[in-house]
Amino acid sequence: MPELSKRTETFTDSVIRRMTRISNQYGAVNLSQGFPDFEPPRELLNRLAEVSNEDFHQYSITWGAQNFREALAEKQSRLMGRKIDPNAEIVVTCGSTEAMMAAMMTVANPGDKVIVFSPFYENYGADTILSGAEPIYVPLYPPEFNFDPDELEAAFKQKPKALILCNPSNPCGKVFTYDELKIIADLSEKYDAFVITDEVYEHIVYAPHKHTYFASLPNMWERTISCSSLSKTYSITGWRLGYIIAPAQIIEVAKKVHDFLTVGAAAPLQEAAVTGLRFGDDYYRQLRDKYTEKRDLFLKGLDDIGIAHTVPQGAYYILLDVSEFGYKSDLEFCEVLARDVGVGAVPGSSFFREDVNHLIRLHFAKKNETLNKALNRLEHIRTKINKR
Ligand code: GLN
């Protein structure tokens, strides 16, 4: 038999998604892969039921249904402070996973360098490999996960084609301040690089922190490829609706890439999701309040148990320090945690470039009863897991 592609030899399957399978196998409360267990807004579900009897069962226009793009342009113009053209400046994709991949393929040639902050969402590693690009990692230092501007400039001096910015950040929960974004903006201008953003947690930000769209910084519209999705905002991760917003000449190319990758996102789901895109500001306020309550509930539970953890400024992930258990492999620790304690987590090493094996990631996008169930189980962590 001929050999399989070399390209696929350098990365594994997704550890995040593998942990969901392991959690299910042990009947653990799955706080690994980040997705809600509560219902999406009723209005979306009702509209989805109606749509099933309407005429939305064939391909939509490959770069997104007109209705969806218009509703999205209206919402994002309001938020990003710039009139976005629904016809020339948007591509609708199958989740932000495809948006990021298409963005990478749009800007990077094989051998091009791309700056990635570490810790980072694991897809970016595979995205760079699949598009032939080479990552340059720049560390974010705990507890605030700040970057060192000199280290960032040293990375820019290697002439990267782009920088990937996950803001609010998965897994460390950092929300970049305006001043930090301005440093990135100035360097990307000075060294002439694109910025590809992943802003899927744009609406999950805890006071007093505020989300700033990178594309809204002075002069940044031209060089920013903004990727996001409806998954987290409307609790519909399975609908796989994402998008890229960028200047027309970039979107022109992204449309081609997207067209041959997936043709298009599901037409009936795009139509049903328009209902969500047209929600007023109240919806986003309530979403933030709901996640703030969940975050506080979960952090208090962890404090009562006495496990050190990060305090997220945005997104819905917490990194827990499990060094007291003395495991060399955080993957093994997570398997034991799922099996013996009954809680699913993601090993921190899948997010860090550095040699880190004492952190695990939990998420709190779950009903309060699910979070309490997980906390009740975690209370027994020290009796159920022996120290190494
Ligand atoms: N972004 C989510 C996480 O980090 C879900 C990832 C996925 O499987 N698409 O867990």
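Just above, that's the structure.
Okay, so let's go over this structure. (Residues numbered from 1 in each chain as written. Predicted model: local features only at pLDDT ≥ 70, side-chain atom pairs only at ≥ 80, totals over all residues. Heavy atoms only, no water.)

## So, the sheet that holds strand β9 (residues 317-321)
Spatially, the 3 strands line up as an open sheet ordered β9-β12-β11, and their pairing is antiparallel. Single-partner strands in this sheet number two, and they are β9 and β11 (346-347). Of the strand pairs in this sheet, β11 and strand β12 (residues 359-363) are connected by 2 bridges, and their pairing is antiparallel. Considered in β12, the bridge of Pro347 is made with Ile360. (Pairing = 2+ DSSP bridges. Helix = DSSP H or I, 4+ residues; strand = E, 2+ residues; numbered from the N terminus.)

## Topic: the nonpolar core
Counting 74 residues, the largest nonpolar core has Phe68 and Leu337 as the members making the most contacts within it. With 8 residues, helix α10 (residues 281-305) is the largest single contributor of residues to this core. The contacts of Phe68, once residues within four sequence positions are left out, are Val92, Leu230, Leu241, Gln270, Ala273, Val274 and Leu277. Counting residues in hydrophobic clusters, the runner-up holds 57 residues, among them Val91, Ala155, Ala162 and Leu359. (Core = buried A, V, L, I, M, F, W, Y, C linked by side-chain atoms within 4.5 Å. Buried < 20%, exposed > 50% of the residue type's maximum accessible area, 1.4 Å probe, protein only. Contact = heavy atoms within 4.5 Å.)

## A short note on the packing of helix α2 (residues 42-51) against helix α9 (residues 267-277)
To describe two helices that pack against each other, one gives the angle between their axes and the distance between the axes. α9 packs onto α2 with a crossing angle of 145° between their chain directions and a minimal axis gap of 8 Å. In this structure, the crossing between α2 and α9 has a hand that is right-handed. The segment α2 lies against α9, with Glu43, Leu44, Arg47, Leu48 and Val51 engaging Pro268, Leu269, Glu271, Ala272, Ala273, Thr275 and Gly276. Among the residues forming the contact of α2 with α9, the class breakdown is 7 nonpolar, 2 polar and 3 charged. (Axes fitted to C-alpha atoms, helices over the stretch in contact; angles between N-to-C directions. Left-handed = near helix turned anticlockwise from the far one by under 90°. Nonpolar A, V, L, I, M, F, W, Y, C, P; charged D, E, K, R; others polar.)

## Notes on the site of the ligand
Taken together, Ile16, Arg17, Gln33, Gly34, Tyr121, Asn170, Tyr201, Lys232, Tyr317 and Arg361 make up the full set of residues adjacent to the ligand. Interatomic distance of 2.7 Å between a side-chain N/O atom of Gln33 and an oxygen atom of the ligand. Tyr121 is positioned such that a nitrogen or oxygen atom in its side chain is 3.3 Å from a nitrogen atom of the ligand. Taking 300 Å² as the accessible area of the ligand by itself, protein coverage stands at 89%. (Near = heavy atom within 4 Å. Polar contact = N/O pair within 3.5 Å; in protein donor to acceptor, adjacent residues only side chain to side chain. Areas by Shrake-Rupley, 256 points an atom, 1.4 Å probe, with all protein chains shown as cover.)

## Points about the environment of Ile251
Its place among the elements puts Ile251 in helix α8 (residues 248-262). Sequence-wise, Ile251 and Thr93 are 158 residues apart; in three dimensions their C-alpha atoms are separated by 12 Å. Excluding residues that lie within four positions of it along the chain, Ile251 makes contacts with Ala88, Glu89, Ile90, Val91, Ile244, Ile245 and Ala246.

## Section: helix α11 (residues 330-341)
Listed in full, the buried residues belonging to α11 are Asp330, Phe333, Cys334, Val336, Leu337, Ala338 and Val341. Where α11 is buried, its residues touch α1 (15-26), β10 (343-344), β11, β12, α12 (368-378) and α13 (381-384). Between the side-chain oxygen at the start of α11 and the backbone nitrogen of Leu331 there is a gap of 3.3 Å, and the oxygen is on Ser329. Following α11 by one or two positions, Gly342 has its phi on the positive side, about 85°.

## Let's talk about the packing of aromatic side chains
Think of a pair of aromatic rings as described by two things: how far the centres are apart, and how the planes are tilted against each other in angle. Tallying each qualifying case throughout the model produces 19 aromatic pairs. With a centroid separation of 5.3 Å and an interplanar angle of 45°, the aromatic rings of Phe325 and Phe333 are classed as tilted. For Phe325, a relative accessible area of 2% translates into the label buried. A residue is classified by how much of its surface remains accessible, and Phe333, at 1% relative accessible area, is buried. Members of the aromatic cluster, connected to one another through ring pairs, are Phe38, Tyr201, Tyr291, Tyr316 and Tyr317. Here the basic side chain of Arg295 rests over the ring of Tyr206, its NZ or CZ set 4.6 Å away from the ring centre. (Phe/Tyr/Trp six-rings, centres within 6.5 Å; stacked < 30°, edge-to-face > 60°. Lys NZ or Arg CZ within 6 Å of the ring centre and 35° of its normal.)

## What to know about the pattern of salt bridges
For the coordinates displayed, the defined rule picks out 22 salt bridges. Between Arg47 and Glu271 there is a salt bridge whose closest N-O contact spans 2.9 Å. Residue Arg47 is located in helix α2, and its partner Glu271 is located in helix α9; the two are separated by 224 residues in the primary sequence. We classify Arg47 as buried; its relative accessible area is 16%. The partner of Glu180 in a salt bridge is Lys174, and the shortest N-O contact between them spans 2.9 Å. An identical accessibility class is assigned to Glu180 and Lys174; each is buried. Each of Arg47, Glu50, Glu54 and Glu271 takes part in a single network of salt bridges with overlapping partners. (Salt bridge = Lys/Arg side-chain N within 4 Å of Asp/Glu carboxyl O.)

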